[in-house]
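A look at the structure
Okay, here's what each chain looks like letter by letter:
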Amino acid sequence: TEFVIKDDGKVGIGLGAGTAPAHLLDLNGKIGTKGKQTLYNADALGTSTGSLFVGDGGQSATGTHNTAIGIRAFAGNNNTGPRNTAIGYNTLFNNTTGSENIAIGTNTLANNTTGFHNIAIGNSTMQANSTGSYNTSVGNQTLLSNSTGASNIAMGYRALRGNTGGGNNVAI
């Protein structure tokens, strides 16, 4: 890799021979810390337009406009689903084509594959969900066992924890 410091203070790393940096720091590639933790804009890799990944996730993602922050966040299967936000360890890990999901917390929506338009906030919230869609779940272990249930609202510690496929439920 090429490392360049120009007279105007601009630094280029990995840009290729003869390419001048356009910004104060111009980087082509990933920034790694202690191995697996990386910060990169997937546009630079040509894999996932408009996406940003912090941690070791998103390596196989090709969906557009995704954000993943955390170790193993969005890190499982080849994610082609667009407009997902995953924050926390193992969030949206198995997502394949699921889109427009928001997952915040450890193991949140970890097994989601094709479910879409879900909002899950809390530790292990909607962890078992695979295809369920249009769910809103806030609180630790809310909708924990939900796999296919749709259009549920669960608020508070363990609300609708045992629901697996039921839909149109509200629990506060």
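Let me begin by describing the structure that accompanies this report. Remember, it's a predicted structure, so these values are computed and weren't measured experimentally.

1. Considerations on the overall build of the protein
When helices and strands are counted, the protein shows 1 helix and 13 strands. Going residue by residue from the N terminus, the α and β elements of the protein occur as β-β-β-β-β-α-β-β-β-β-β-β-β-β. A buried classification covers 41% of the 172 residues belonging to the protein. If you take every contact in the protein between residues at least 6 apart in sequence, the share linking residues at least 24 apart comes to 0%. Summed over all atoms, the accessible surface of the protein reaches about 8100 Å², with 56% contributed by carbon and sulfur.

2. A look at a nonpolar patch on the surface
A cluster of nonpolar side chains, contributed by Ile-69, Ile-87, Ile-102, Ile-104, Ile-119 and Ile-121, occupies part of the molecular surface with about 390 Å² of accessible area. Those elements that place two or more of their residues in the nonpolar patch are strand E9 (102–104) and strand E10 (119–121). On the secondary structure map, Ile-102 appears in strand E9. Classification of Ile-102 as partly exposed rests on a relative accessible area of 34%.

3. Observations concerning the packing of aromatic side chains
Aromatic rings in a pair are described by how distant their centres are and how their planes are angled relative to each other. Within this structure, the stated rule accounts for 2 aromatic pairs. Measuring from centroid to centroid gives 6.2 Å for Phe-53 and Phe-74, while their planes differ by 20 degrees, and the two rings are stacked. Of the two residues, Phe-53 sits in strand E6 (residues 52–55) while Phe-74 sits in the loop between strand E7 (67–69) and strand E8 (85–87), which places them 21 residues apart along the sequence. Seen in terms of ring centroids, Phe-116 and Tyr-134 are 5.2 Å apart; in terms of plane orientation they differ by 80 degrees. Their pairing is edge-to-face. On the criterion of sequence distance, the pair formed by Phe-116 in the loop between E9 and E10 and Tyr-134 in the loop between E10 and strand E11 (136–138) is long-range, its members being 18 residues apart.

4. Observations concerning the pattern of salt bridges
One pass over the structure, following the stated rule, counts 1 salt bridge. Measuring nitrogen to oxygen at the nearest pair gives 2.6 Å for the salt bridge that ties Glu-100 to Arg-83. Of this pair, Glu-100 sits in the loop between E8 and E9 while Arg-83 sits in the loop between E7 and E8, and the two are 17 residues apart along the sequence. The class of Glu-100 is partly exposed, set by a relative accessible area of 27%.

5. Considering the side chain of Asn-163
Tracing the backbone shows Asn-163 in the loop between strand E12 (153–155) and strand E13 (170–171). Separated by 3.2 Å, the side chain of Asn-163 and the backbone oxygen of Gly-166 make a polar contact.

Quick notes on the rules
What you see as residue numbers is a count from 1 along each chain, following the sequence as written. Predicted model: local features are reported for residues with pLDDT of at least 70 only, side-chain atom pairs are reported and counted for 80 or more only, and whole-chain, interface and lining totals are derived from all residues. Derived side-chain values reflect all non-hydrogen atoms in the structure, with water molecules and hydrogen atoms excluded from consideration. Counting from the N terminus, the helices are DSSP H or I runs at least four residues long and the strands are E runs at least two residues long. Exposure classes here rest on a 1.4 Å probe applied to the protein chains alone. A residue is buried below 20% of its type maximum, exposed above 50%, and partly exposed in between. We call two residues in contact whenever any of their non-hydrogen atoms come within 4.5 Å of each other. Each accessible area value is a Shrake-Rupley result obtained with a 1.4 Å probe; residue values ignore everything except the protein chains displayed when judging cover. A residue counts toward a patch only above 30% relative accessible area and without a salt bridge, and it is joined to like-charged neighbours within 9 Å or, for Val, Leu, Ile, Met, Phe, Trp and Tyr, to nonpolar neighbours within 5 Å. Throughout this description, the term salt bridge denotes a Lys or Arg side-chain nitrogen within 4 Å of a carboxyl oxygen of Asp or Glu. Each Phe, Tyr or Trp ring (for Trp, its six-membered ring) is paired with any other whose centre lies within 6.5 Å, and the angle between the two planes then decides the class: stacked below 30 degrees, edge-to-face above 60, tilted in between. Whenever a nitrogen or oxygen atom comes within 3.5 Å of another N or O atom, the pair is scored as a polar contact, on the condition that within protein one atom can donate a hydrogen and the other can accept it, and that pairs from neighbouring residues in sequence are kept only if both atoms are in side chains.

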